[in-house]
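These are the residues of each chain, in order.
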Amino acid sequence: PAPPPPALPPPPRRPGLTIDVRYRPAVPEVHVGGDWYDAFVHPDGETTVVVGDVTGHDVAAAAHMGHLRGVLRSVAFATDAGPAEALDAAERTAEGLGLQALSTVAVARVGIPGPAGRRAGWGASAGHVPPVVRRADGTAHLLTARPSPMLGVGLGGPRAEHAMSLGPGDTLLLYTDGLVERRARSLRAVLAARPGRGAARGAVGRGRRGDALLAELVPLGSQDDVALVMVHVDGEGTAAGA
């Protein structure tokens with residue numbers, strides 16, 4: 001696969017986790033647009049993953065993306081915040097610095113192994129497509145909940161945070177709407193047909209990486225940016241790779 005653009009570095013390597021990231025710009029000549037992903041490790045060993053979508057696909061959107069990505073990464077790491085608190089702090093910081101960026105964002109923080117698996121907290125802003133979790137048994141579910149405000153609209157927090165557990169063989173997928181949105185079909189119809197059953201249920205899981213997911217769901221000539229993060233919990237008998 002092609003290396004990620006300089007603004008979006010490869011994800012960290014984590015014991016027991018395989019983190020796969022992909023980015024495809026709407027305008028190849030620009031190399032980067034308004035979508036982004038991020039993944040970083042906290043001092044306690046937990047891992048935060050982020051996918052965001054800033055309005056626009058041009059160079060200005062790329063600049064706004066870079067600023068907002070840096071703000072969210074910095075405040076989440078410096079404050080050791082969970083997803084909801086990190087989104088609130090990032091919005092306050094961006095407003096204080098005068099950053100004019102309107103964005104949807106999904107954030108998840110995956111914990112270290114425990115008796116009940118890995119706790120994962122997550123939050124998503126209004127307008128962002130819901131994360132998907134594929135269980136080791138092959139079932140896949142949309143993580144739907146009441147969304148929090150979109151970043152940049154000035155409605156403030158506190159935002160809601162939701163919790164789940166991930167066990168060996170499970171995969172968590174965060175993505176932007178370019179992965180599933182089709183101009184001739186509604187986003188709701190695509191989501192109902194894809195992550196809930198059929199092709200994506202097999203794609204978001206063991207042995208299928210981000211390249212396969214992009215090839216299956218994103219047609220050539222797509223006019224939207226696409227960013228995704230797949231977090232696979234390794235376990236006995238599972239292949240390396242999400």
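This is a predicted model, so every value here is computed, not measured.

1. What to know about the sheet that holds strand β6 (residues 132-134)
Strand order in the open sheet formed by five strands is β1-β10-β9-β6-β7, with antiparallel pairing between adjacent strands. Lying at the two open borders of the sheet, with one neighbouring strand each, are β1 (17-24) and β7 (140-142). Across this sheet, the average inter-strand angle for adjacent strands is 15°, counted without regard to direction. The strands touched by helix α5 (residues 210-217) are β1, β9 (171-175) and β10 (226-233); relative to β10, the strand with the most contacts, the crossing angle is about 135°.

2. What about α5?
Along α5, the residues classified as buried are Gly210, Leu213, Leu214 and Leu217. All buried residues of α5 lie within an arc of 95° about the axis, which places them on one face of the element.

3. Section: the confidence of the model for the protein
Within the protein, residue pLDDT values average 77, and 74% of them lie at 70 or more. The element-level mean pLDDT for the protein is lowest in helix α4 (residues 199-203), coming to 44, with strand β8 (residues 162-166) highest at 93. Here residues 194-207 scores under 50 on pLDDT; set against residues more than four positions off or in separate chains, the count is 41 contacts. Throughout residues 236-242 the model reports pLDDT below 50, and contacts reaching past four residues in sequence, or to other chains, amount to 21 contacts.

4. Some words on the pairing of strand β2 (residues 35-41)
The element β2 is largely enclosed, with a buried count of six among its seven residues. Where β2 lies against strand β3 (residues 47-54), seven bridges are found, and the strand directions are antiparallel. Among the inter-strand pairings, aspartate 38 is bridged to a residue of β3, identified as valine 50. Connecting β2 to the antiparallel partner β3 that follows it, the hairpin turn spans five residues, and glycine 45 within it adopts a positive phi of roughly 95°.

5. Here's the deal with the environment of valine 133
Relative to the elements of secondary structure, valine 133 occurs in strand β6. The sequence separation of valine 133 and leucine 166 amounts to 33 residues, and the corresponding C-alpha distance is 8.7 Å. If we ignore the near neighbours within four places in the chain, the residues touching valine 133 are Thr139, Ala140, His141, Leu143, Met164, Leu166 and Thr171.

6. Side note on the nonpolar core
Of all hydrophobic cores here, the largest spans 45 residues; its most connected members are Trp36, Leu72, Val105, Leu166 and Val229. Formed by 14 residues, the second largest nonpolar core is a distinct cluster that contains Val180, Leu213, Val226 and Leu228.

7. Regarding the sheet that holds β8
Pairing within the open sheet is antiparallel, and its five strands lie in the order β2-β3-β4-β5-β8. Each edge of the sheet is formed by a strand with only one pairing partner; in this case those strands are β2 and β8. Strand-to-strand twist in this sheet, taken as the mean axis angle between neighbours without regard to direction, amounts to 20°. One ladder, built from five bridges, connects strand β4 (residues 103-110) with strand β5 (residues 118-124); its direction is antiparallel. By the bridge assignment, alanine 108 is partnered in β5 with tryptophan 122.

Parameters at a glance
- Residues numbered from 1 in each chain as written.
- Predicted model: local features only at pLDDT ≥ 70, side-chain atom pairs only at ≥ 80, totals over all residues.
- Heavy atoms only, no water.
- Pairing = 2+ DSSP bridges.
- Helix = DSSP H or I, 4+ residues; strand = E, 2+ residues; numbered from the N terminus.
- Axes fitted to C-alpha atoms, helices over the stretch in contact; angles between N-to-C directions.
- Contact = heavy atoms within 4.5 Å.
- Buried < 20%, exposed > 50% of the residue type's maximum accessible area, 1.4 Å probe, protein only.
- Arc of directions from axis to C-beta.
- pLDDT = per-residue confidence, 0-100.
- Core = buried A, V, L, I, M, F, W, Y, C linked by side-chain atoms within 4.5 Å.

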